[in-house]
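Architecture and fold: a report
So you can see what is in the structure, the chains are spelled out below.
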Amino acid sequence: MAYEFKHTAATPTPESERLEKLKNPGFGTAFTDHMVSIVWEKETGWQQPEVLPYAPIAIDPASAVLHYGQEIFEGLKAYRHPDGRVVTFRAERNAARLNHSANRLALPEIPIELFIAACHELVKTDIDWVPTGEDQSLYLRPFMIADEVFLGVRSAHRARFFVIASPAGAYFPNGVKPISLWLSGHYNRAGKGGTGSAKCGGNYAASLNPTDEAFAQGCQQVLFTDANDSDRIDELGGMNLFLVRHDGTLITPELNGNILEGVTRASIIELARARGLRVEERPVTVSEWQQGAADGSIQEAFACGTAAVVVPIAELRGANDFVITLPQPSGEVTMSLREELTGIQFGTRPDPHGWTTPVEAA
Ligand code: COI
């Protein structure tokens, strides 16, 4: 279905300023000239989608999101290919996951085609903001908030869906250098029946205190374990985890309802299986990791997510001088899977799975 977007043009950022921002974008600090906004009301459903100038949004202080945290979000990227085309990567998966999150947070589902159309319309409108530098892309942040003005505790009858866009380089300041993880001792990310598999702001809010602990320990990410079993690995503050055995087998925590179904996670699994590598999705423990690193059966580990793609792990540290050091922190399997995935995303390799979708020129 073709959606008709109402456009209100922004005053464009002067070219010199835009080019300056695109030079070394880092992550999440610069934003393009426009945003998409779509209102939903219980009675009438989704209203006409709009492309508006990027600007602060007016929100009533009694809006549900400000009190009861009804908020969900997504993250995906648009990539510029060597032939000049701009593509998005597996956007339908992000749309499906947003709807999964919407169900859990009692927000409305959005039609998958409308989600994709909104992302593509914004990229087309702000196409000059898609960077051309190595490993640079335009990070899209779709999100939904409940903005009904009502303080009663029930699911809101009004919501808004937005898409904003931000030119992005490496997520970690050191690029793809191996990172250190901090094993969270006191805090868990999710529990059975909770919101662990939803991409909602609340999960990230709850990860910030433990993430600060990780930073204070000189680590870049926190590793959470299961709420009922402190040995069983859950996921990182904002990424999924893989261990790599000496024979190339990948091991990653199964989707047990507590962890996020990462699009990068799914893509890595498919790429690895297509290579003939074994992938085990099952409970994974810290003890297994410790023993495997000590006896050499686990050689590599990596974190993955949309923002950072694939990042090698050097070590896992925790309280009382606990440490696991990986024999091969930037090992062959980790780096070659990263290279294959980014090759497909950036169009330097064929896309046999049909994962990329061109954003038609405006
Ligand atoms: C991702 O990379 O997929 C994340 O969730 C991290 C993002 C929240 C910055």
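Above this note sits the structure.
My aim in this report is to walk through the structure given alongside it, one point at a time. (Residues numbered from 1 in each chain as written. Predicted model: local features only at pLDDT ≥ 70, side-chain atom pairs only at ≥ 80, totals over all residues. Heavy atoms only, no water.)

1. Looking at helix H7 (residues 286-295)
Looking only at H7, the buried set comprises Val286, Trp289, Gly292 and Ala293. In a view along the axis of H7, the buried residues occupy a sector of 130 degrees, so they form one face of it. In H7, the exposed positions that point more than 90 degrees away from the buried face belong to Gln291, Ala294 and Asp295. Looking one or two places after H7, you find Gly296, whose phi comes out positive at around 85 degrees. (Buried < 20%, exposed > 50% of the residue type's maximum accessible area, 1.4 Å probe, protein only. Helix = DSSP H or I, 4+ residues; strand = E, 2+ residues; numbered from the N terminus. Arc of directions from axis to C-beta.)

2. Details of the pattern of salt bridges
Inspection of the entire model under this criterion finds 22 salt bridges. Across the pair Arg232 and Glu254 runs a salt bridge, and its minimum N-O distance is 2.8 Å. Remark: Glu254 occurs in the loop between strand E14 (250-252) and helix H6 (263-274) and Arg232 occurs in strand E12 (residues 229-236); sequence separation between them is 22 residues. Note that Glu339 and Arg349 form a salt bridge whose closest N and O atoms lie 2.9 Å from each other. Highlighted residues: Glu339 in helix H8 (residues 332-346) and Arg349 in the loop between H8 and strand E19 (356-358), separated in sequence by ten residues. Each of Glu41, Asp147, Arg158 and Arg160 takes part in a single network of salt bridges with overlapping partners. (Salt bridge = Lys/Arg side-chain N within 4 Å of Asp/Glu carboxyl O.)

3. Examining the packing of aromatic side chains
A full pass over the atoms with the stated rule returns eleven aromatic pairs. Both rings, one in Phe27 and one in Tyr171, keep their centres 4.8 Å apart while their planes meet at 75 degrees; by these two values the pair is edge-to-face. Highlighted residues: Phe27 in the loop between helix H1 (15-23) and strand E2 (34-41) and Tyr171 in the loop between strand E9 (158-168) and strand E10 (179-183), separated in sequence by 144 residues. Given the relative accessible area of 36%, Tyr171 is considered partly exposed. Note on Trp46 and Phe161: the rings are 6.5 Å apart at their centroids and 85 degrees apart in plane angle, and the pair reads as edge-to-face. Linking Trp46 in strand E3 (residues 45-46) with Phe161 in strand E9, this pair joins segments that are 115 residues apart in sequence. Both residues of the pair, Trp46 and Phe161, belong to the buried class. What links up through ring pairs into an aromatic cluster is the set Phe27, Tyr139, Tyr171 and Phe172. (Phe/Tyr/Trp six-rings, centres within 6.5 Å; stacked < 30°, edge-to-face > 60°.)

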